[in-house]
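# Survey of secondary and tertiary structure
Residues per chain are reported as follows:
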Amino acid sequence: QVQLVESGGNSVQAGGSLRLSCAASGPTYSISCMGWFRQAPGKEREGVAIIYSGGGTTVYAESVKGRFTISQDNAKNTVYLHLNRLKSEDTAMYYCAAEPWAGTCSLVSRYTYWGQGTQVTVSS
């Protein structure tokens, strides 16, 4: 099965930037889309951004639009999330997810594969 490993989470001050990475292994050819989700303590999980493997079309949550950018490097089987102009409300555990072909890809749909998460903490 597909395995996902996130990295890049850190503690930064408001206004700063981070780049999160999600390395995929296994049958990566079967992936239709990949996405980033986040969850803060006491809050529900929120879809942040998704990217379609075939073509690179992206979708962003309104809360991060214009500040975050999702991208992919197919040679490395890696998806990135660039977080810019960070705000304290961006503090959360960020998870990478992937969905096989024939699955539904959106910010609220079910994803089959998940990573363990990487923590992003933004201080004021």
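Summarised in this report is the structure supplied together with it. On a predicted model such as this, the values are computed, not experimentally measured, just so you know. (Residues numbered from 1 in each chain as written. Predicted model: local features only at pLDDT ≥ 70, side-chain atom pairs only at ≥ 80, totals over all residues. Heavy atoms only, no water.)

Counting its regular elements, the protein chain contains zero helices and eleven strands. When the elements of the protein chain are put in sequence order from the N terminus, they spell out β-β-β-β-β-β-β-β-β-β-β. Its C-alpha atoms put the protein chain at 40 × 25 × 25 Å along the principal axes. Relative to its 124 residues, the protein chain shows a buried fraction of 43%. A distance of 3 Å separates the average location of the 10 positive side-chain charges in the protein chain from that of its 8 negative side-chain charges. (Helix = DSSP H or I, 4+ residues; strand = E, 2+ residues; numbered from the N terminus. Buried < 20%, exposed > 50% of the residue type's maximum accessible area, 1.4 Å probe, protein only. Lys, Arg positive; Asp, Glu negative; His and termini not counted. Charge placed at Lys NZ, Arg CZ, Asp CG, Glu CD.)

With that settled, the discussion passes to the pattern of salt bridges. A complete count under the given rule lists four salt bridges for this structure. Put simply, Asp 90 and Arg 67 hold a salt bridge, and the shortest N to O gap is 2.7 Å. One end of the pair, Asp 90, is in the loop between β8 (78–83) and β9 (92–100); the other, Arg 67, is in the loop between β6 (58–60) and β7 (68–73), and 23 residues separate them in sequence. Each of Arg 38, Glu 46, Arg 67 and Asp 90 takes part in a single network of salt bridges with overlapping partners. (Salt bridge = Lys/Arg side-chain N within 4 Å of Asp/Glu carboxyl O.)

What follows deals with the state of the cysteines. Following the criterion strictly, the structure yields two disulfides and no others. With its sulfur 2.0 Å from that of its partner, Cys 22 forms a disulfide with Cys 96. Handedness of the Cys 22-Cys 96 disulfide follows from its S-S torsion of about -80 degrees: it is left-handed. In this pair, Cys 22 sits in strand β3 (residues 18–25) while Cys 96 sits in strand β9, placing the two residues 74 residues apart along the sequence. (Disulfide = S-S within 2.5 Å.)

With that out of the way, let us pick up the sheet that holds β7. Read across the open sheet, the four strands follow the order β1-β3-β8-β7; overall the sheet is antiparallel. At either margin of the open sheet sits one strand with a lone partner, and together these are β1 (3–7) and β7. Geometrically, the sheet is characterised by an average inter-axis angle of 15 degrees between neighbouring strands, direction not taken into account. (Pairing = 2+ DSSP bridges. Axes fitted to C-alpha atoms, helices over the stretch in contact; angles between N-to-C directions.)

Attention now moves to the nonpolar core. If you look at soluble globular proteins, the nonpolar side chains tend to sit buried side by side. One finds Leu 4, Met 34, Trp 36, Leu 81 and Tyr 94 to be the most contacted residues of the largest nonpolar core, which totals 37 residues. Those elements giving two or more residues to this core turn out to be β3, β4 (31–39), β5 (46–52), β7, β8, β9 and β11 (118–123). If we skip the residues at most four places from it in the chain, Tyr 94 touches Glu 6, Leu 20, Trp 36, Phe 37, Arg 38, Val 48, Phe 68, Leu 81, Leu 83, Gly 117, Thr 118 and Val 120. (Core = buried A, V, L, I, M, F, W, Y, C linked by side-chain atoms within 4.5 Å. Contact = heavy atoms within 4.5 Å.)

Along any regular strand, the residues point their side chains to alternate faces of the sheet. Among the nine residues that make up β4, eight are buried, leaving the element largely enclosed by the rest of the structure. The sheet contact formed by β4 and β9 spans eight bridges and is antiparallel. What sits directly across from Cys 33, in β9, is Glu 99.

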